[in-house]
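Structure at a glance
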Amino acid sequence: MGLVVGLAGDGDDPVGAEPLHGLLEGVLAPSGDGDPVTGASRGIGYGVAEALVARGDRVAITGRGEDALKEAVERLGADRVIAIPGKAHDEAHQAVAVERTMEAFGRVDYLVNNAGTNPVFGPMAEMDLNVARKVFETNVISALGFAQQTWKAWQKENGGAIVNIASVAGVSPSPFIGAYGMSKAAMINLTLQLAHEFAPVVRVNAIAPAVVKTKFAQALYDGREAEAAAAYPLGRLGVPEDIGGAAAFLTSAQSDWITGQTLVVDGGIFLNAGVG
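Residues numbered from 1 in each chain as written. Predicted model: local features only at pLDDT ≥ 70, side-chain atom pairs only at ≥ 80, totals over all residues. Heavy atoms only, no water.

1. Concerning the overall build of the chain
Note the threshold: Strands here mean DSSP runs of E at least two residues long; helices mean DSSP runs of H or I at least four residues long; both are numbered from the N terminus. Relative accessible area decides the class of each residue, using a 1.4 Å probe on protein chains only: under 20% of the type maximum gives buried, over 50% gives exposed, and in between gives partly exposed. In what follows, a contact means two residues having at least one pair of non-hydrogen atoms within 4.5 Å. Here, Shrake-Rupley sampling with a 1.4 Å probe gives the accessible areas, and only protein chains in the shown set may cover a residue.
Scanning the chain from terminus to terminus reveals 7 helices and 8 strands. Expressed as a percentage of the 276 residues in the chain, the buried residues total 52%. Restricting the contact set of the chain to residue pairs at least 6 apart, pairs at least 24 apart contribute 70%. Total accessible area on the chain is roughly 12100 Å²; 54% of this is exposed by carbon and sulfur atoms.

Right under this line is the structure:
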């Protein structure tokens, strides 16, 4: 899925806040069907949507695969979720997604930008520049487009929160996935720019996961999960629920005094960068 919009239930938010209405862009469907944006049978975006629904929100989800979206709605609950198919980088789709969210929920309290692609593996020196442009368009420009749409439709006058799913690849060298890392570094800077510009009415933060067990990241651990996990002080790779919990926090009243931050969710892998 590419977009998820969420609306909290009637007073059943465990934080005790007023009902929320949100938008999550880039959710992964439960039955990946070759969608290059989501690319997983159970990915970070789906984990985020699941966490938001579990606390009582209603969410709108988008993606390129209609069948996968339908299955996601069935699994998450048709009484809580609507699906809006389309390509994340398509400006017309961005406008329609936000419009339909407003029609269904009447507001958009939060936006979670999660759409991402990484179609290339290799050195930057040999990278096709058109591929690099595609990565940047999907991973960064689409997030800006959705932020603009939600700002104009609701958040400028009513406030809210935005969470951008970045990556540890955006805060350190990322050999052979350099275009992806470059785009996620831009996503982190986009977070800073929007946090400054949208304050004080909208909080904007990012989450930077390390390797999370999804089809999207499978090439990084397939056939060697135990070896890959051994490098993490917490002894395992991430799972979508780890990121879902972080996103739920950053879209809740518990994070009302947090903006412009990038929360690294990495199982402690960066601790290994210390001296000694």
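2. Looking at helix α1 (residues 44-54)
For α1, a buried count of 8 out of 11 residues is recorded, marking the element as mostly surrounded by other parts of the structure. Among the residues of α1, those classed as buried are Ile44, Gly45, Tyr46, Gly47, Val48, Ala49, Leu52 and Val53. Within two residues after α1, Gly56 carries a phi angle of roughly 110°, on the positive side.

3. Details of a nonpolar patch on the surface
How we decide: A patch is a set of surface residues, each over 30% in relative accessible area and not in a salt bridge, joined within 9 Å for like charges and within 5 Å for the nonpolar side chains Val, Leu, Ile, Met, Phe, Trp and Tyr. In the sections that follow, a salt bridge refers to a side-chain nitrogen of Lys or Arg positioned within 4 Å of a carboxyl oxygen of Asp or Glu.
Together, Met124, Phe136, Ile141 and Met182 line one region of the surface with nonpolar side chains, adding up to about 330 Å² of accessible area. Tracing the chain through its elements places Met182 in helix α5 (residues 178-198).

4. Points about the environment of Leu237
Looking at the element boundaries, Leu237 is found in the loop between α6 (225-230) and α7 (240-250). Residue classification places Leu237 among the buried residues on the basis of a relative accessible area of 3%. Along the chain, Leu237 and Gly267 lie 30 residues apart, while their C-alpha atoms are 7.1 Å from each other. Setting aside residues no more than four positions away along its own chain, Leu237 makes contact with Val211, Lys213, Tyr221, Glu225, Ala228, Ala229 and Tyr232.

5. Quick word on the packing of α1 against α7
Helix packing for two helices is described by the angle between their axes and how far apart those axes are. Put simply, the test is: Axes here mean lines fitted to C-alpha atoms, for a helix over just the part in contact, with angles spanning 0 to 180 degrees between N-to-C directions. Any angle from 65 to 115 degrees is called roughly perpendicular, while one under 35 is roughly parallel, one over 145 is roughly antiparallel, and all others are oblique. By convention the crossing between two helices is left-handed if the near helix lies anticlockwise of the far one by an angle smaller than a right angle, and right-handed if it lies clockwise. Three categories are distinguished: nonpolar for Ala, Val, Leu, Ile, Met, Phe, Trp, Tyr, Cys and Pro, charged for Asp, Glu, Lys and Arg, and polar for the others, with Gly belonging to the last.
Where α1 meets α7, the closest approach of the two axes is 7 Å, and the angle between their N-to-C directions is 50°. Taken together, the axis directions place α1 and α7 in an arrangement best described as oblique. Between α1 and α7 the crossing geometry is right-handed. For the pair α1 and α7, contact is made by Ile44, Gly47, Val48, Glu50, Ala51 and Leu52 and by Pro240, Glu241, Ile243, Gly244, Gly245, Ala247 and Ala248, respectively. For the contact of α1 with α7, the class distribution of residues is 8 nonpolar, 3 polar and 2 charged.

6. Thoughts on the pairing of strand β6 (residues 160-165)
In the case of a regular strand, side chains alternate between the two sheet surfaces. The line we're drawing: For two strands to pair, DSSP has to find at least two bridges joining them. Place the viewer so that the strands point away; then a crossover is right-handed whenever the path from the first strand over the helix to the second strand goes clockwise.
Along β6, 5 of the 6 residues are buried, which leaves the element largely enclosed by surrounding structure. Pairing geometry for strand β5 (residues 110-113) and β6, over 4 bridges, is parallel. Across the sheet, residue Leu111 finds its bridge partner in β6, namely Ile162. Each parallel crossover has a hand, and for β5 linked through helix α4 (residues 129-158) to β6 it is right-handed.

7. Remarks on the nonpolar core
Note the following rule: Think of a nonpolar core as a cluster: buried Ala, Val, Leu, Ile, Met, Phe, Trp, Tyr and Cys residues, connected wherever their side-chain atoms sit within 4.5 Å.
By size, the foremost hydrophobic cluster in this structure holds 25 residues, and its most contacted members are Val59, Ile61, Val81, Ile165 and Ile207. For this core, the elements supplying multiple residues, two or more each, are α1, β3 (58-63), α2 (66-76), β5, β6 and α7. It is α1 that provides the largest number of residues to this core, a total of 6 residues. One finds Trp151, Ile188, Leu190 and Val202 within the second-largest nonpolar core, a separate group that totals 21 residues.

8. Quick word on the layout of surface pockets
Under the convention used in this document: We place a 1 Å grid over just the protein atoms. Points where a 1.4 Å probe fits but has no way out form a cavity, open points with protein on both sides within 12 Å along at least 5 of 7 lines form a pocket, and any residue with an atom within 4 Å of a point lines it. Grid points are joined across faces, edges and corners, and a volume is the space filled by probe spheres set on the points.
Approximately 1000 Å³ is the volume found for the largest pocket. Considering the residues around the largest pocket, the lining is formed by 43 residues, among which Ser167, Ile177, Ala210, Val211 and Leu220 are closest to the centre. Taken together, the residues that form the lining of the largest pocket break down as 31 nonpolar, 9 polar and 3 charged.

9. Description of the side chain of Ser167
The cut-off we apply is this: In protein, a polar contact means a hydrogen-donor-capable atom and an acceptor-capable atom, both N or O and within 3.5 Å, with residues adjacent in sequence counting only if both atoms are side-chain atoms; elsewhere, any N or O pair within 3.5 Å suffices.
Position of Ser167 among the secondary structure elements: in the loop between β6 and α5. Only 2.9 Å separates the side chain of Ser167 from the backbone nitrogen of Ala169, close enough to count as a polar contact. Setting aside residues no more than four positions away along its own chain, Ser167 makes contact with Tyr180, Lys184, Ile188, Ile207, Ala208 and Pro209.

10. Some details on the confidence of the model for the chain
The criterion, for reference: Each residue gets a pLDDT score, which is the predictor's confidence in that residue and runs from 0 to 100.
Overall, the predicted model of the chain reaches an average pLDDT of 84, with 84% of residues at or above 70. The weakest mean pLDDT in the chain belongs to strand β1 (residues 3-7) at 43; the strongest belongs to strand β8 (residues 262-265) at 98. Contacts for the low-pLDDT stretch residues 5-19, under 50 throughout, to residues beyond four places or in other chains number 53 contacts. Predicted confidence is poor over residues 28-41, with pLDDT under 50, and the contacts of this stretch with residues over four places away or in other chains come to 54 contacts.

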